[in-house]
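Spelled out from the first residue to the last, the chains are:
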Amino acid sequence: MALDAVTFAYPGAGTPALLDVSLAIEAGTVTGVTGAVGAGTSTLLLVAGGFAPRLTGGALSGRRDIATNRISIVFATPWTQLTGLATTVRAEVAFGPASLGWPRGSVLAACEAALRDLGVEHLADRDPGTLSGGELQRVVVASVLAMEPELLVLDDPAAELDPAGADALYALLPELARRGTAVLVATPDSERLARTAERVLVMEGGRVARDGPPAAVLDDTDVARIAWAAGCPAPYPLDVAALVARVVR
Amino acid sequence: MSSAPGRGHAVRWEAVRFAYDGAEALRGVSLDVPAGTTLAILGPNGAGKTTLTRLLIGLLRPRAGRVSVGDWDVAAKRPDELAARVGYVFQHADQQLFERTVRRDVAFGPRRLGLGDGGVERALGELELLGAAESHPYDLPAPARKLVALAGVLAMEPGVLVLDEPTAGLDRAGRDRVIAALRRRSVEGVTVVVVSHDLAFVAEVAERIVVLREGVVVADAPAGRLLGDAAALAPLGLEPPPAAAVGAALGLPGAPIRVGECAAALGGVRWRGAGA
């Protein structure tokens, strides 16, 4: 996926939500996106995944090349992604690959693998409508993974998850990259981005303000804040081990 | 954080049980929360956290047991009566926004309760929403809508404030505003109950922590003691927040759990230089 000088504005918006963005996302990588509210992180995902302006309306200028049509997106609001047609979690997860016309055996195999990857096999026979928000989020991610996307776009995918579930989801992203998927994940959770992404884009005012390895572009984890407030010189350590290593004892 | 006597009410769940279509969500929970306490409820997905708090506003009714807010038995009150005492911020703000402008939305509750606009302006100000006050709530990004929902509840000046995952999706600046607003309410004696997975946020605001698992209370301890104790957190599937982890790794005095406390405890240390 590559963007070259892309600017995008939502319908009726006075100012563009993305401004002159150029970047390339390679297969087999995890790229993080972060920024303040309104900086354009979610819009970047929609544009990078080809969902805007196709589903949102609006105007896009510049050049966008997406080298696959196997693209999936995960939102922070799982109930908006349910089919509404499935009465069990297994049927929900199988819906995507079945809709793609895969043979029955492949659908079932992909479904079971995705349920296992997200640790929700025990929910397979439950009605999705009876699940908690966190359980539902894992089911939605499983339903997306079952379609084996080549470009996976996730917008704050752990917002509903407990810490163990969030850790498990973020640990899965590099594994998906190893299988060849290009992963683009947006979140305000700098701690998990620092642990997961090999590259992070920091958005400001619709532009990519910084682009590089987490240690080079992030400075707002809690540990970094502690280091800054305690007089540590920049660049600030992002995690506990890095902070401890900077203290002279 | 010290709680002052003020407008808060005690909250009490007594042997409460609740089930969804036969699936037990709460299996006999008893908790007594004194007025003015800031309590955090933690636990894995599906533990019953949200169910427990929804009993406070009459949206759910227990199958057994009793829930009270101050001297009110919740079973004897309608949800609209309970709203005068208990302000509830849903996990998903869109469930509680319906007016045409942010200011009208935030003012809806206070007007219905016969309060003035003072609380409205205060809430808009402290959550830095004055610049968006005339915007339509749905023209704002989802995290900003979450702050609008919180402002609407703060403006009603409830004695009990219940927030379900108030920091999910917020950026650092928004999270800091929520922390500051809750600390002010705590000083004013408001009883605050937060459901959260964000332990760093919980460390900044909570005095007491209750951990639920499969509908029962599996831990109940002062925040400073539990969040600084990695051995106690591990079986609960939790890790100390970053400030507590830094404090433990360096053996800092006072066992800090908050960013500010940890930075203060680090005062005077010498740092290796840039790039070291």
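Everything quoted here is computed from the prediction, not taken from an experiment. (Residues numbered from 1 in each chain as written. Chains lettered and ligands numbered in written order. Predicted model: local features only at pLDDT ≥ 70, side-chain atom pairs only at ≥ 80, totals over all residues.)

A. Quick look at the overall build of chain B. Secondary structure assignment for chain B yields eleven helices and eleven strands. The C-alpha atoms of chain B give a radius of gyration of 19 Å, which matches the 19 Å a tight globule of 276 residues would have. Here the C-alpha coordinates of chain B stretch approximately 60 × 45 × 35 Å along the principal axes. Expressed as a percentage of its 276 residues, the buried residues of chain B come to 53%. (Helix = DSSP H or I, 4+ residues; strand = E, 2+ residues; numbered from the N terminus. Rg over C-alpha atoms; globule rule 2.2 N^0.38 Å. Buried ≥ 20, exposed ≤ 12 C-beta atoms within 10 Å, placed from the backbone.)

B. Quick peek at the sheet that holds strand β3 (residues 38-42) of chain B. Residues and elements named next belong to chain B. Strand order in the open sheet made by the six strands is β6-β7-β8-β3-β9-β10, with mixed pairing throughout. The sheet is open, and its two edges are formed by β6 (86-89) and β10 (216-222), each paired on a single side. On average, each strand axis in the sheet is inclined to that of its neighbour by 15 degrees, with strand direction left out of account. The sheet contact formed by strand β9 (residues 208-213) and β10 spans six bridges and is antiparallel. Bridged to Arg213 within β10 is Val216. The sheet contacts of helix α5 (residues 142-154) involve β6 and β7 (160-164), and relative to β6 the element is tilted by about 180 degrees. Across the sheet, helix α6 (residues 172-187) lies against β3, β7 and β8 (191-195), angled at about 145 degrees from β8, the strand it touches most. (Pairing = 2+ DSSP bridges. Axes fitted to C-alpha atoms, helices over the stretch in contact; angles between N-to-C directions. Contact = placed C-beta atoms within 7 Å.)

C. Highlighting the pairing of strand β6 (residues 151-155) of chain A. Residues and elements named next belong to chain A. Extensive coverage of β6 is indicated by the burial of five of its five residues. In β6, alternate side chains face the same way, and those of Leu151, Val153 and Asp155 on one face and Leu152 and Leu154 on the other are all buried. Pairing of strand β5 (residues 71-74) with β6 involves four bridges; the strand directions are parallel. Pairing of Val74 across the sheet is with Leu154, part of β6. Sheet analysis places β6 next to strand β7 (residues 182-186), joined by five bridges and oriented parallel. Counterpart to Asp155 in the pairing with β7 is Ala186. Running through helix α5 (residues 163-178), the crossover from β6 to the neighbouring parallel element β7 is right-handed. (Right-handed = clockwise from strand over helix to strand, strands pointing away.)

D. Local environment of the sheet that holds strand β9 (residues 207-212) of chain A. Residues and elements named next belong to chain A. In space, the six strands of this open sheet follow the order β5-β6-β7-β3-β8-β9, with mixed pairing throughout. Of all the strands in the sheet, the pair left with one neighbour each is β5 and β9. Within the sheet, the average angular offset between the axes of one strand and its neighbour, ignoring direction, is 20 degrees. Of the strand pairs in this sheet, strand β3 (residues 30-35) and strand β8 (residues 199-204) are connected by five bridges, and their pairing is parallel. Paired with Gly35 across the two strands is Met203, which belongs to β8. Sitting on the sheet, α5 is in contact with β3, β6 and β7, with an inclination near 155 degrees to β7.

E. Quick peek at the interface of chain A and chain B. Across the boundary between the two partners, chain A contributes 35 residues, which contact 41 residues of chain B. Sorting the residues of the side of chain A that touches chain B by element identifies α4 (133-145), α5, α8 (222-229), α9 (240-246) and β10 (247-248) of chain A as the ones contributing at least two each. Here the side of chain A that touches chain B gets five residues from one element, more than from any other, and that element is α8(A). Residue composition of the side of chain A that touches chain B, by class: 21 nonpolar, seven polar and seven charged. Sheet topology note: the β10(A)/strand β11 (residues 270-271) of chain B ladder contains two bridges and is antiparallel. Its bridge partner lying in β11(B), A:Val247 is registered against B:Trp271. (Nonpolar A, V, L, I, M, F, W, Y, C, P; charged D, E, K, R; others polar.)

F. Spotlight on the nonpolar core. Residues A:Ala142, A:Ile226, B:Val148, B:Ala151 and B:Val202 are the most contacted members of the largest nonpolar core, which totals 168 residues. Here this core takes eight residues from α5(B), the largest share from any one element. Excluding its chain neighbours within four sequence positions, the residues that come into contact with B:Val202 are B:Ala40, B:Leu42, B:Val194, B:Ser196, B:Ile209 and B:Ala223. (Core = buried A, V, L, I, M, F, W, Y, C linked by C-beta atoms within 7 Å.)

G. Broad picture of the packing of helix α2 (residues 89-99) of chain A against helix α3 (residues 104-117) of chain A. Residues and elements named next belong to chain A. At their nearest, the axes of α2 and α3 sit 9 Å apart, and the two run at 130 degrees to each other. Here α2 is positioned oblique relative to α3, judged by the angle of their axes. Along this stretch, α2 crosses α3, giving a crossing that reads as right-handed. Contacts from Arg90, Val93, Ala94, Pro97 and Ala98 of α2 reach α3 at Ser106, Val107, Ala110, Cys111, Ala114 and Leu115. (Parallel < 35°, antiparallel > 145°, perpendicular 65-115°, else oblique. Left-handed = near helix turned anticlockwise from the far one by under 90°.)

H. Spatial organisation of the confidence of the model for chain B. Across chain B, pLDDT averages 93, with 97% of residues at or above 70. Taken together, the chains of this predicted complex give a pTM of 0.90 and an interface ipTM of 0.87. (pLDDT = per-residue confidence, 0-100.)

I. Unusual backbone geometry, seen in detail. All names here are of chain A. Residues Ala52 and Pro53 are joined by a peptide bond in cis, for which omega reads 5 degrees. Among the secondary structure elements, Pro53 is positioned in the loop between α1 (41-48) and β4 (59-65). Of note, the bond from Ala234 into Pro235 is cis; its omega dihedral lies within 30 degrees of zero at 0 degrees. Despite not being glycine, Ala5 has its phi angle at roughly 55 degrees, a positive value. Relative to the helices and strands, Ala5 is located in strand β1 (residues 2-9). For Asp20, which is not glycine, the phi dihedral falls at a positive 50 degrees. Here Asp20 shows up in strand β2 (residues 18-24). For Asp20, a count of 15 C-beta atoms within 10 Å translates into the label partly exposed.

J. Quick look at the pairing of β6(B). All names here are of chain B. The alternating pattern of β6 places Val86 and Tyr88 and Gly87 and Val89 on opposite faces, both of which are buried. By the bridge criterion, four bridges tie β6 to β7 in an arrangement that is parallel. Opposite Gly87, over in β7, you have Leu161 as the bridge partner.

K. View of α8(A). Counting buried positions over the eight residues of α8(A) gives six, a clear majority of the element. Listed as buried for α8(A) are A:Asp222, A:Val223, A:Ala224, A:Arg225, A:Ile226 and A:Ala227. Each element contacted by the buried residues of α8(A) is listed here: α9 of chain A together with α7 (199-205), α10 (242-250) and α11 (259-265) of chain B. A positive phi of about 90 degrees marks A:Gly231, the residue just after α8(A).

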